[in-house]
Amino acid sequence: MADQVLANTGRLARFIFRLDRIRIALWLIGLVIFTIIIPPAFDNLYKTQAERDAITETMANPAMTAMFGPGDLNHYTTGAMTAHQMVLMTAVIVGIMAILLMARHTRADEEDGRIEMIRALPSGRLSYLNASLVVTSATFIGLALFTGFGLYALGIESLDLEGSLLYGATLGGTGLVFAGVTAVFAQLSESSRGTIGWSTAVLLIAYLLRAITDVSNESLSWLSPLGWVSKAEIYSSNQWLPVLLMLAVSIILMVVSNYLNSIRDLGQGFIASKPGKKYASRFLQSPFGLAFRLQRTGFISWAIGLFVLGASYGSIFGDFETFFGDNEMYEQMLVQAEGASLVEQFIPTLMIVIALIATIPPVIAMNKLRGEEKKERLEHILTRAVSRTKLMGSYFVLAVINAFVMISLSALGLWSAGTSVMEEGLEFGMIYSAAIVYFPAMVAMIGIAILLNGFLPRMTHLVWLYFIYSFFVLYLGNMFQFPDWVGQLSPFGHIPQLPIEDAAFMPLFVLSIIAVGIIILGFIGFNKRDLQN
Amino acid sequence: MSVLEVKHLTKTFGKFNALYDVNFDVKKGEVFGFIGPNGAGKSTTIRVLLGILKATEGQVKVFGKDAWDEAVDIHKHLAYVPGDVNLWPNLTGGEVIDLFVKLRGGNNNHKREELIKKFDLDPTKKCRTYSKGNRQKVALVAAFSSDADLYVLDEPTSGLDPLMERVFQECVMDVKSQGKSVLLSSHILSEVEKLCDRVGIIRQGQIIESGSLNEMRHLTRTHILVDTKQSITALEEFNGVHDIEETENGLTFQVDTEELDNVIKHVSQFGILKLESAPPTLEDLFMRHYEGNEKQGVTTNG
Ligand SMILES: Nc1ncnc2c1ncn2[C@@H]1O[C@H](COP(=O)(O)OP(=O)(O)O)[C@@H](O)[C@H]1O
Ligand SMILES: [Mg+2]
């Protein structure tokens, strides 16, 4: 029986590994390097325990807890600092990696008809799913070992062997959990976009649940797999229980995915599809309407996600007041800065993160144009009476509206949650202007996507590299004390930090002019080049 | 009057020469067959004339307008069906048809319903559930329900069943009878033979033969089956006679069209009981050209 169902799993696993070896290697190398360059940098920047203790003062508040999770602030060694600052964020990236790797060889291959061919060969019904699970699991075990021994090999005193291995195991475990989550959604959903969308939603909810509970009631964070990452207390008390939990959950999820796969037909999901419309609505019958229709689900999901993200950050403002109310030293330290209120001083820190995350959906919306080209669907549009300018323009306008809606909704979320938990309430205009001021930078990112599409269509994904750069330097900029120009290489580095800084007009104006320039260039490029897949 | 004119068209991808000095034209009211083996450059040519690819060199004019610069104007009067129809998995066939018709600027609901019925398509199903043939039907319905002057069809029937192929042929005849022009790239030779007034054969990026089927037949051989009272002698001494074979029903051979007269005169001396002749099929033409150099090598040697 097992022979029939799992025949040739090993061979298929080797095949999948061959297909993905470069992709996997790049992810692993990137993550390991990203992890092991941090402790020496911290070691260099904060040479003494006194310096590290000084930084804990700015860390011990709810905004930071919401972002980084709890840390061992009383014994803030280089190790504890690395774990506190880095492990959660890295775990989120590992989660995204797991989702993307796992969706590729489950629903995506099924949707494109490749699994059909595999199934016609003498391979078992469950072989391909399990081959894919084997490859992904091996990848994350590799990640755990490389990261663990890599950290230990740095030879920094506070990075002991057990802590380092636990660090790696936590990341690997997170990967396994989200590989399991994705494997389950690959059975439930009928498309690869749905698979990725649902799994990412779980990741986002796990993060937000953790953020809220870490601030309000830490024991409730046990409900979120990302909460377990901080519960491991790496480089302090080294708890292995969270890793065991991760292993148990991932095994359960993988078994469930096998079960679901065995009771469904190839190509089907569990959400039954109903007959659709016989005629196209009036709205659909234009390039703009089509572009919107294709992204509608993603658009709505992101909009909800960003509102919730804003609201989660806003909901900690209440704890904020209690926290600082009890702590006179903070009050003195912070209030001296230009008479801004306590909450106002933390808004720029939160806003940069929100603005960066709100930039993801508009850039996806713009890159969808290239995605359609790759699937040879632009031909249908361009061989009718639609010019390239109009086509790209439709996607551009949609991306700009997307950016506006996303940043506005997250500001609205932040304000509505914040004002309801704070005694004195919050002024909407203040929050909104601190958010919308990032709009020109978001449009500039859309512009980069257009420019790449116009001139280097096979490399439109490079925009994400630039995005990650922006995220890295602005999110961690203060910690690493980078020189100013490092941040200014990103459009987000030029945005005045309202409300503690003045709304300077010049940088916004110059940024907008540059954005318009590259957008025009990109349109010209798109008008001049061949379509190619 | 030419609806489509391709002059000295060359297209290179990097160093690879996909098309080299391609010339042909499609006249108003005619169906032009575009045939050639896989990878010959048919789709590339069609993409250039649709303004999807930019010509490296040469001129492509549709309705007298430049295919690249005036693509939008051209496309208002042109309908296209690709060979590989990729659709949006979560739109229904009906939605896609409406979208396509609308994007061209036309609107012919009556025709739409009639064609959906003729092609036996369920427009309420999502494209994800369509087979290749059904996706092709979506593109065909969208194309033929729009009121175009030039129909560009790139292997449009490769996924259709014989019944649907017949419907397709009726659609082509129908537009032809209205004086519209069609460029039909196809692998199904019987279809090309039935529908096309003229054909162009392309191989390795070059047009190696073009003209009306009658003209082209002239260049090839007629199949003859003959039964005579006395057995035929000295037939093999004729220059243009090939593949002589003795069968139960008589002698079969092929004869070059320009030698036909002499050969028949010779054969008739032996008392004809039965004579059948078949015109060269497109397949003969096709095979002769496709097999290309190897075959030519053999004939010159032998
Ligand atoms: N974008 C491209 N880049 C490189 N080579 C291409 C590209 N498109 C087509 N080709 C090559 O050009 C040749 C002609 O292809 P095509 O026009 O699709 O042939 P067909 O006659 O089968 O439609 C093939 O050898 C193909 O590999
Ligand atoms: Mg082709």
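Residues numbered from 1 in each chain as written. Chains lettered and ligands numbered in written order. Predicted model: local features only at pLDDT ≥ 70, side-chain atom pairs only at ≥ 80, totals over all residues. Heavy atoms only, no water.

By the naming in an unreviewed UniProt entry, chain B goes by ATP-binding cassette domain-containing protein and is assigned to Salinibacillus xinjiangensis. Its UniProt record, at the heading Sequence similarities (unreviewed entry), says of chain B: "Belongs to the ABC transporter superfamily." (UniProt positions renumbered as here; feature names shortened; annotations may be inferred.)

Chain A appears in an unreviewed UniProt entry as ABC transporter permease from Salinibacillus xinjiangensis.

(A) The arrangement of the interface of chain A and chain B in detail. Taken together, the contacts link 34 residues of chain A with 37 residues of chain B. When chain A packs against chain B, the two sides together hide about 3400 Å² of surface, and 56% of this comes from carbon and sulfur. Of all residues in chain A, His380(A), Thr383(A) and Arg384(A) give up the largest surface area on contact with chain B, accounting jointly for 20% of the area buried on that side. Among the salt bridges present, the one from Arg293(A) reaches Glu95(B), with a minimum N-O distance of 3.0 Å. Here chain A and chain B share 23 residue pairs in polar contact (both at pLDDT 80 or more) between them. Looking at the side of chain A that touches chain B, the elements with two or more residues in it are helix 13 (287–315), helix 17 (378–382) and helix 24 (505–528) of chain A. Each residue belonging to the side of chain A that touches chain B can be placed in one class, and the counts come to 12 nonpolar, 8 polar and 14 charged. (Contact = heavy atoms within 4.5 Å. Buried area = accessible area lost by both parts, 1.4 Å probe. Salt bridge = Lys/Arg side-chain N within 4 Å of Asp/Glu carboxyl O. Polar contact = N/O pair within 3.5 Å; in protein donor to acceptor, adjacent residues only side chain to side chain. Helix = DSSP H or I, 4+ residues; strand = E, 2+ residues; numbered from the N terminus. Nonpolar A, V, L, I, M, F, W, Y, C, P; charged D, E, K, R; others polar.)

(B) Structural context of the domain arrangement of chain A. Residue and element names in this part refer to chain A. Once the domains are mapped, chain A shows domain 1 (1–265) and domain 2 (294–533). Domain 1 and domain 2 are separated by 26 Å when their C-alpha centres are compared. Facing the 29 residues of domain 1 at the interface are 25 residues of domain 2. If you look at where domain 1 meets domain 2, you find 0 salt bridges. For the pair domain 1 and domain 2, the interface holds 1 residue pair in polar contact (both at pLDDT 80 or more). (Domains from an automatic or database assignment.)

(C) Seen up close, the site of ligand 1. Residues and elements named next belong to chain B. Phe13, Phe16, Ala18, Pro37, Asn38, Gly39, Ala40, Gly41, Lys42, Ser43 and Thr44 make up every residue found near ligand 1. Measuring from an oxygen atom of ligand 1, one finds a backbone N or O atom of glycine 41 at 2.9 Å. Within the backbone of lysine 42, a nitrogen or oxygen atom sits 2.8 Å from an oxygen atom of ligand 1. Protein contact buries 63% of the 560 Å² of open area that ligand 1 shows by itself. (Near = heavy atom within 4 Å. Areas by Shrake-Rupley, 256 points an atom, 1.4 Å probe, with all protein chains shown as cover.)

(D) Region of the structure containing the sheet that holds strand 3 (residues 31–35) of chain B. All names here are of chain B. An order of 6-7-8-3-9-10 is seen for the 6 strands of this open sheet, with the pairing classed as mixed. Because the sheet does not close on itself, it has two edges, and the strands there are strand 6 (78–81) and strand 10 (206–212). Strand-to-strand, the axes of this sheet are offset by a mean angle of 15°, without reference to chain direction. Strand direction decides the pairing type here: strand 3 and strand 8 (residues 181–185), joined by 4 bridges, are parallel. For valine 31, the partnering residue across the bridge sits in strand 8 and is valine 182. (Pairing = 2+ DSSP bridges. Axes fitted to C-alpha atoms, helices over the stretch in contact; angles between N-to-C directions.)

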